[in-house]
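An overview of the molecular structure
The chain contents come next:
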Amino acid sequence: MLAARPLVEHLPLSLAAQPAVSPPRRPDRPRPAADPLPDVSADAELDELLELIEEALRRDEEPRADALWQRISPFLDAHWLTALQRGRLADLRGMRLHGDAVAETEEAWTEALEWYAKAGDDIRAQRIRGRLGLHRSRHGQPEEGLAQVRASTEHLLAHGEAKDRAGALRRLAVALLHAQQPAEAMAELDRIAAVGEPDPGPRVRLQVLLLRAQALGADGRVRESADAARELIAQASAEDQGELVGLGEFFLGQGLSMLDDSSGAVQAFDRALSYELPEPLEQEVRERRAVLLAGTVRAREVVDDLAALVARLTAEQRTGGEYDDDADHSRFHLAVALFNAGRPEEAAEVGEEAVYGADRAGNQNLADQVRHLLAAIYQRVGDTDQALSYLDQLAVNLDGFDNAAARARVLEQAGELLFDLDRDGLAAQRLGSAASVYRVARLPLDELRARRRQAVSAMYAEEPEQARQAVELADAAAAALPPGLAVEPEARYELAWLALDGARAMVAAGDPEAALSRVRAAPDRFRELEAFGEAFLAELATGEVLLTLGRAEAAEPLLRSVLNGLPRDSATLPRAAYALAHALLQSDRADEAQRLAGEYGFELD
């Protein structure tokens, strides 16, 4: 039997998008010095050479098949050829064209079919019909091609030899994958073992494993697909088939990516690229890896790969005529990579193109992802008004209950940006809105955090009553925390901050006694979480509240402990020294206070 030689096709962007991917043709390489035909006599007849090349192709022994073709080529134009010989030669021409020239391949195999009919060789004719059907399946006619392959398979299963039956089942499995029937493809692959095929050679055995990995992935059985890919890698490594190892790593990377194991997927793609791969496959691996690495510390490595992906998809879009958003998705990933590679100006330019394209395509989800990225980019380059504009637009777009959590995060982000710009009143408004939406989303810990930050912003905006109200709402959110969540480290950390910031807000609102009752336990809460820097801040705040209450003698040892305990490069050191100096002043120890002021470079008022 002549098995269709496996060649590279376009590799799909997901296991299910276009699942039938043929194993790659080996890239051109220098012919090995060893004679690939030590068993073939120099005066071998054409029929013998044809038998040998058909067997080499069945086993996918390409160097041997290439050498045999060189021996056969002089016979191509012989006038004495029989109909059967002409059919076999046309068949071989199609095999050599397959995948490179679609129309020419079909013409060659159609010619072979005609010669086989004249020669009365029904088995070879059925093989050709199966190959033609699979060829059409791969080139835009999946249903028509499948019907043709199925008819050929039924005939060969009934009348062919074992190798005919096995080859027919392999072709049918691939055609079923192209027709998006992966479960049926798996069933056909399972039938091969019972056929009793003579050893097809390591590459063909490995290709069946490859088909199994593809079929499992396309059927949604992604973990099993990844396991099949690992088996392919192990067996291909044992057979020293590096090309198929690389292809197995590619499929493993796909599966791990779909299982949200980005790190494992990147490692698989890295390993795949360590093998010599045909250009289309290498390009596909690089593109997939680049998307995964765009948001990581390795972003700089993949900027060029993502730029090439954008260029390719843009060119395909122009050729195809219809607009889709594949290129805009790739622009988004390129913008992410540029941003993480420290090139924010270029990231902004690419991101603006992506958001324009996504809006044009009506893909609001993608457009909003890009807007969120652009907000971060413009914040990085210092264009805060543009960053806020994108965040405000996002907050409007993310309407409805399903988007409540995302909308709250965007409002909180805008509030924090305004706070950093000392626009504290506006910051308090945004943070209050964020807290309200977090409440709608039933996220009490996030609500608590946003209310706390609202209180701090209102305090700096000199709105003490608003700060007090925000603290009360934060306390209510804290009381609503589920018991299981309240004991988690994240919640305990946030509650400690509420005690600290709530105390500061109470002082600003003129209620230092309430502030002291809130802040006393905060240092120990932070220490229990090994948040020692925050514990010093809480002790400093406690000392400052005591000073506000006129209790300098109680404040002085606490403030001195903070000053002595802080690292010498701490930004909090001058504040602690200032508070301690005032504690000394209030304790009638003015000389000590002046010395401290001189040491830390501030004036005592």
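Please read all numbers here as calculations on a predicted model, not as lab measurements.

Another aspect to go through is the overall build of the chain. A count of helical and extended segments in the chain gives 30 helices and 0 strands. On C-alpha atoms alone, the chain measures out to a radius of gyration of 36 Å, which is more than a quarter above the 25 Å that the 2.2 N^0.38 rule sets for 605 residues. With the C-alpha coordinates of the chain rotated into their principal frame, the extents come out at 125 × 45 × 45 Å. Counting across all 605 residues of the chain, residues that qualify as buried make up 52%. By sequence separation, contacts in the chain at least 24 residues apart represent 58% of the contacts at least 6 residues apart.

For the rest of this paragraph, the subject is helix 28 (residues 552-565). Taking 1.5 Å as the rise per residue, helix 28 with 14 residues should run 20 Å; its terminal C-alpha atoms sit 19 Å apart, in good agreement. On its buried face, helix 28 sits against helix 27 (532-548), helix 29 (573-586) and helix 30 (590-600).

We now examine the packing of helix 24 (residues 489-508) against helix 25 (residues 512-519). Contact geometry for helix 24 and helix 25: axes closest at 8 Å, N-to-C directions at 170°. The angle between helix 24 and helix 25 falls in the class roughly antiparallel. Judged by residue contacts, Leu498, Ala499, Leu500, Gly502, Ala503, Met506 and Val507 of helix 24 engage Pro512, Ala514, Ala515, Arg518 and Val519 from helix 25. Grouping the constituent residues of the contact of helix 24 with helix 25 by class yields 10 nonpolar, 1 polar and 1 charged.

Take a negative patch on the surface next. Where like charges cluster on the molecular surface, the negative patch consists of Asp43, Glu45, Asp47 and Glu48. Looking at the element boundaries, Asp47 is found in helix 1 (residues 46-58). Look at Asp47 and you get partly exposed, because its relative accessible area is 40%.

Attention now moves to the confidence of the model for the chain. Confidence in the prediction of the chain, expressed as mean pLDDT, is 91, and 93% of residues score 70 or more. Below pLDDT 50 for its whole length, residues 1-32 participates in 116 contacts with residues either more than four positions away or in separate chains.

Right, let's talk about the packing of aromatic side chains for a bit. Tallied over the entire structure, the rule returns 8 aromatic pairs. Taking the centre distance of 6.1 Å and the plane angle of 10° together, the rings of Tyr378 and Tyr390 count as stacked. Of this pair, Tyr378 sits in helix 17 (residues 364-381) while Tyr390 is found in helix 18 (residues 384-397), placing the two residues 12 residues apart along the sequence. Accessibility assignment for this pair places Tyr378 and Tyr390 in one class, buried. Look at Tyr578 and Phe602: their rings are 5.3 Å apart centre to centre, the planes differ by 65°, and that puts the pair in the edge-to-face class. Linking Tyr578 in helix 29 with Phe602 in the segment after helix 30, this pair joins segments that are 24 residues apart in sequence.

What counts and how
Residues numbered from 1 in each chain as written. Predicted model: local features only at pLDDT ≥ 70, side-chain atom pairs only at ≥ 80, totals over all residues. Heavy atoms only, no water. Helix = DSSP H or I, 4+ residues; strand = E, 2+ residues; numbered from the N terminus. Rg over C-alpha atoms; globule rule 2.2 N^0.38 Å. Buried < 20%, exposed > 50% of the residue type's maximum accessible area, 1.4 Å probe, protein only. Contact = heavy atoms within 4.5 Å. Expected span 1.5 Å × (residues − 1). Axes fitted to C-alpha atoms, helices over the stretch in contact; angles between N-to-C directions. Parallel < 35°, antiparallel > 145°, perpendicular 65-115°, else oblique. Nonpolar A, V, L, I, M, F, W, Y, C, P; charged D, E, K, R; others polar. Patch = residues over 30% accessible without salt bridge, like charges linked within 9 Å, V, L, I, M, F, W, Y side chains within 5 Å. Areas by Shrake-Rupley, 256 points an atom, 1.4 Å probe, with all protein chains shown as cover. Salt bridge = Lys/Arg side-chain N within 4 Å of Asp/Glu carboxyl O. Lys, Arg positive; Asp, Glu negative; His and termini not counted. Charge placed at Lys NZ, Arg CZ, Asp CG, Glu CD. pLDDT = per-residue confidence, 0-100. Phe/Tyr/Trp six-rings, centres within 6.5 Å; stacked < 30°, edge-to-face > 60°.

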